[in-house]
Amino acid sequence: MQSDGLWSIGELAERARVTVKTVRFYSDRGLLPEAGRSGGGHRRYGPEALERLRVIRSLRSLDLTVPEVERALDRDGALEQVLGERLRGVERELAALRWREAALRLLADSSGDEREERLLLLGALTLPPDMDAVIRFWRRVLPIRLPSRLVSGVLDAVVPAPPQAPVPEQVLALGRLHALVSDPRLERVPSLRPRPPLAGETYRPTVLYEALDEAYGLAGAQVRGGRPPEGGGALDCFVAAYAAALGTRDSPDFRRRLAELLAREDGPVMARYWKLAAPLLPADEPGLGLLHHRLFLALRADSAVDSAPHRAQPVRSSLSPPL
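Please read all numbers here as calculations on a predicted model, not as lab measurements.

Trainee: I keep staring at helix H12 (residues 252-265) and nothing clicks. Help me out?
Mentor: Within an α-helix, residues lying three or four positions from one another point in the same direction, as the helix has 3.6 residues per turn. Between the first and last C-alpha of H12 there are 20 Å, a value that for 14 residues agrees with the 20 Å anticipated at 1.5 Å per step. Three or more residues of H12 are buried, namely Phe254, Arg255, Leu258, Ala259, Leu261 and Leu262. For H12, the buried positions fall inside an angular range of 165° around the axis, keeping them on one side. On its buried side, H12 packs onto helix H11 (234-245) and helix H14 (288-304).

Rendered as structure tokens:
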């Protein structure tokens, strides 16, 4: 340090334990404050430059790029924003690494024939996987002109979120799920084409999906409580949703017709979808497919009972939109 208390570029580099080239690089980019110039025009630096250089080194050690460092030091509050962005980036990188690890373990634990099939499945995925193909599948299945708020609610309920720390079995399930919903032969499956549930009747899909949300909520509460969604409550709400959407009323005949319809719609594609989605859904939360299936079974059992004097009167409940 000279008598004026300032350092040359070499002295600053020595104190910061970096090379002169590094000091010159950051100085040329305007990141190091110059305290003045020597008589020969050489840069002089004070303690502020040393402190700034140490901050830069800390940020670079966290893998921030030079442009990100420049942004972080440019103005008050920018550092917090840049660190938040980098943190989210690290979280995405960690998720990708976890998926790669699980995929590698899946392949390592596979036999020769299994490995070939699983390599093809993984080759169609990004890691971590996106769910765009699954979302497109459901948008194709859902009724046309369903309000966006209801579409969003259904997608939230039926599209599983890729787990942050997957196990090999979840990688395999998601690979097979992706293959299922991407199969071009689905275009020829009649039950996957949106159409009125019962022919010859007025169909209001918005009314149906609003009311089904309430029915599934009741069924979920019953299943979590260890009770089947039979008898009243969830089942009656389920039937009332279809009746209201079709502009009719609940009756033994309607329940029989509805059970027949749902039996036709309960095809192998949707059954396989929910089987593959199950490992990707929260373990403590019954999936929508399970709830729908349980309600269908309850309806089928209920509609098989002959209408007798002790049978409850048809339900005509007024269902408020739950979404």
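Trainee: Just checking my understanding: could you explain the side chain of aspartate 250 for this structure?
Mentor: Considering the arrangement of structural elements, one finds aspartate 250 in the loop between H11 and H12. For aspartate 250, a relative accessible area of 1% gives the class buried.

Trainee: I keep staring at the side chain of arginine 86 and nothing clicks. Help me out?
Mentor: Looking at the secondary structure, you find arginine 86 in helix H5 (residues 78-108). Judged by relative accessible area, arginine 86 falls into the buried class, the value being 13%. Leave out the neighbours within four places in its chain, and arginine 86 touches Leu62, Asp63, Leu64, Glu68 and Glu93.

Trainee: Sorry if this is basic, but what is going on with the packing of helix H7 (residues 132-141) against helix H9 (residues 168-181) here?
Mentor: Two quantities define a packed helix pair, namely the angle between the axes and the distance from one axis to the other. Contact geometry of H7 with H9 gives a least axis separation of 9 Å together with a crossing angle of 40°. Considering their axes alone, H7 and H9 lie oblique with respect to each other. For H7 against H9, the interelement crossing comes out left-handed. Packed against H7, whose contacting residues are Ala133, Val134, Phe137 and Arg140, the element H9 presents Leu177, His178 and Val181 at the interface.

Trainee: It is not clear to me how the nonpolar core should be interpreted in this structure. Could you clarify?
Mentor: One recurring pattern in soluble globular proteins is that nonpolar side chains are buried together. With 68 residues, the main nonpolar core has Phe137, Trp138, Phe238, Tyr273 and Trp274 as its most contacted residues. By residue number, the principal contributor to this core is H11, which donates nine residues. Setting aside residues up to four positions removed in sequence, phenylalanine 137 forms contacts with Val181, Leu186, Leu192, Val269, Met270 and Tyr273. Grouped together as the second largest cluster of nonpolar side chains are 20 residues, Trp7, Leu12, Tyr26 and Leu50 included.

Trainee: Would you mind going over the pattern of salt bridges with me for this structure?
Mentor: Opposite charge on two side chains lets them pair, provided their charged atoms get close. Using the criterion set out here, one finds 19 salt bridges in the structure. Salt-bridge contacts for arginine 75 lead to aspartate 74; the nearest nitrogen and oxygen are separated by 3.8 Å. Between arginine 255 and aspartate 302 there is a salt bridge; the shortest N-O distance is 3.0 Å. Of this pair, arginine 255 sits in helix H12 while aspartate 302 sits in helix H14, and the two are 47 residues apart along the sequence.

Trainee: Even after reading the chapter, I still don't get helix H1 (residues 9-16), so can you show me in this structure?
Mentor: Of the residues making up H1, those classed as buried are Ile9, Glu11, Leu12, Ala13 and Ala16. Looking at the buried positions of H1, the neighbouring elements they touch are helix H2 (20-28), strand S2 (43-44) and helix H3 (47-61). Where H1 ends, the next residue or the one after it, arginine 17, has phi of about 60°, a positive value.

Trainee: Just checking my understanding: could you explain unusual backbone geometry for this structure?
Mentor: Note: most peptide bonds trans; most residues except glycine with negative phi. Look at the link from leucine 127 to proline 128: it is a cis peptide, with omega at -5°. A positive phi is found at aspartate 63, a non-glycine position, where the angle reads about 75°. Relative to the helices and strands, aspartate 63 is located in the loop between H3 and helix H4 (66-74). One non-glycine residue, arginine 145, lies in the positive phi region at around 65°. Structurally, arginine 145 is set in the loop between H7 and helix H8 (148-158). The exposure class assigned to arginine 145 is exposed, which follows from its relative accessible area of 76%.

Reading guide: rules and limits
Note on numbering: residues in each chain are counted from 1, in written sequence order. Local features in this predicted model are restricted to residues of pLDDT 70 or higher, and side-chain atom pairs are both shown and tallied only at a pLDDT of 80 or more, whereas totals for entire chains, interfaces and linings draw on every residue. Only hydrogens and water are removed before side-chain values are computed, so all heavy atoms of the structure are retained for them. Strands are runs of DSSP state E lasting at least two residues, helices are runs of H or I lasting at least four, and both sets are numbered from the N terminus onward. Expected helix span is given by 1.5 Å per residue-to-residue step, counting one fewer step than there are residues. Buried, partly exposed and exposed residues are distinguished by accessible area as a fraction of the type maximum, computed with a 1.4 Å probe on protein chains only: under 20%, between the cut-offs, and over 50%, respectively. Directions pointing from the helix axis toward each C-beta atom define the arc. Any two residues whose heavy atoms approach within 4.5 Å at even a single point are treated as in contact. Every angle, taken between N-to-C directions, lies between 0 and 180 degrees, and every axis is a line fitted to C-alpha atoms, over only the stretch in contact when it is a helix. Orientation is classified from the angle alone, with under 35 degrees giving roughly parallel, over 145 giving roughly antiparallel, 65 to 115 giving roughly perpendicular, and any other angle giving oblique. Here a crossing is taken to be left-handed if its near helix is turned anticlockwise relative to the far helix by less than a right angle, and right-handed if that turn runs clockwise. By nonpolar core is meant a set of buried Ala, Val, Leu, Ile, Met, Phe, Trp, Tyr and Cys residues that side-chain atoms within 4.5 Å join together. For salt bridges, the criterion is a side-chain nitrogen of Lys or Arg within 4 Å of an Asp or Glu carboxyl oxygen.

Purely geometric numbers; function is a separate question.
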